[in-house]
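The residues making up each chain are set out below.
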Amino acid sequence: MEEIALIVATVVTLASAILLYRAFFLRRRFRLPPGRKPWPIVGNMPQIGGAPLHSLLATMAGEYGPLMYLRLGSVDMVVAASAAVAEQLLKIHDTNFLSRPPNAGAKYIAYNYQDMVFAPYGPRWRLLRKISAVHLFSSKALDDHRRIREEEIAMLVQALARSGEAPATLGSLLTVCTANALGRTMIGRRVFGDGSGGNDPEANRFKEMVEQVMVLAGKFNPGDFFPSLEWLDLLGVASEMKKVHKWFDDFLTKILEEHRNLLAAGHGGGGDHHQDLLSTLLSSKDEAEDENDKLNDTEIKALLLVLFLSLLI
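Per an unreviewed UniProt entry, the protein goes by Flavonoid 3'-hydroxylase and derives from Citrullus colocynthis. We quote the UniProt Cofactor (unreviewed entry) comment for the protein here in full: "heme".

Draft legend 1. Representation of the pattern of salt bridges. Scanning all chains against the criterion turns up 15 salt bridges. Taking the shortest distance from any N to any O, the salt bridge between E299 and R124 comes out at 2.6 Å. With E299 in helix α13 (residues 297–312) and R124 in helix α5 (residues 123–135), the pair connects residues that are 175 residues apart, well separated along the chain. Since its relative accessible area comes to 30%, R124 is described here as partly exposed. A salt bridge links R184 to E151; the shortest N-O distance between them is 2.7 Å. With R184 in helix α8 (residues 170–187) and E151 in helix α7 (residues 146–162), this pair connects stretches of sequence that are 33 residues apart. What emerges from the salt-bridge pattern is a single network uniting R147, E151, E152, R184 and R190.

Draft legend 2. Structural detail: the packing of helix α9 (residues 201–217) against helix α11 (residues 237–264). Direction vectors running N to C along α9 and α11 enclose 145°, while the axes themselves pass 11 Å from each other. The two elements α9 and α11 cross, and the hand of that crossing is left-handed. Contacts between α9 and α11 pair E202, R205, F206, M209, V210, Q212, V213 and L216 from the former with V237, E240, M241, V244, W247, F248, F251 and K254 from the latter. Residues of the contact of α9 with α11, tallied by class, amount to 11 nonpolar, 1 polar and 4 charged.

Reading the values: the criteria
Residues numbered from 1 in each chain as written. Predicted model: local features only at pLDDT ≥ 70, side-chain atom pairs only at ≥ 80, totals over all residues. Heavy atoms only, no water. UniProt positions renumbered as here; feature names shortened; annotations may be inferred. Salt bridge = Lys/Arg side-chain N within 4 Å of Asp/Glu carboxyl O. Helix = DSSP H or I, 4+ residues; strand = E, 2+ residues; numbered from the N terminus. Buried < 20%, exposed > 50% of the residue type's maximum accessible area, 1.4 Å probe, protein only. Axes fitted to C-alpha atoms, helices over the stretch in contact; angles between N-to-C directions. Left-handed = near helix turned anticlockwise from the far one by under 90°. Contact = heavy atoms within 4.5 Å. Nonpolar A, V, L, I, M, F, W, Y, C, P; charged D, E, K, R; others polar.

In structure tokens form, the structure reads like this:
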């Protein structure tokens with residue numbers, strides 16, 4: 001027991017020393033915007049609790065100006081508190097700020113930053129963005145998938161009619177409608193059941209996993225603010241994310257293999273009137289001559305996963 005206590009004490013001491021070194025010495029080399037003086041180790045985290053964050057930042061902007069510096073744990077943050085400064089960051093100098101900061105969700109759920117949301121800015125990110133824009137959000141894609149949206153809305157109306165005079169949970173029904181329309185567009189199948197209220201174990205499991213991601217997204221994870229302590233997984237958030245990721249990966253791998261077998265047999269996915277996104281990606285992968293225009297299986301699964309989650313959460 002004494003040896004374990006000594007090891008723990010040594011680890012904590014080293015981690016504290018690293019955090020203090022980063023806080024007091026490394027940052028002195030950079031000119032930072034004005035802001036509230038951060039506390040040792042925890043930074044400004046104790047100073048932004050309590051009041052609504054938008055109100056607190058507005059108050060701070062009146063004191064420190066439209067460009068402020070905060071430190072959350074050992075993570076640096078710059079706050080743009082005016083339209084003019086936001087334009088500088090998001091439009092004029094956007095390429096310098098396109099990459100998102102590291103976090104456990106992107107690492108453990110989103111295939112280690114290989115999705116469209118968390119991938120670093122570069123050729124692969126531009127390819128993922130182009131694929132989404134052309135095959136999901138272009139005028140042609142919206143017209144091609146119009147029948148799917150009409151059918152899912154018709155099922156929504158039928159579900160409302162079946163409720164009669166009883167109160168209907170409209171938010172839940174809209175989520176089911178959106179998820180199924182998106183599922184048929186992307187992978188050629190409904191993911192939340194057929195809307196009839198019947199029991200579909202796989203659909204129920206998918207819904208449960210989406211809800212679990214929503215819960216995990218709102219949990220405080222110390223490793224996001226103290227990267228040197230990430231390996232400790234102090235609150236067990238990373239472990240929960242790994243479990244959710246495994247289920248999603250098994251689900252998407254199964255769908256991927258089904259589509260690959262259908263294409264090998266000469267059948268496209270998505271039905272007789274449209275081809276779903278996954279079938280398009282697999283076909284493009286086989287037909288593309290330039291390796292830079294091909295997505296590997298992990299990138300395809302990461303793209304499908306983040307599109308599902310971003311449109312449902």
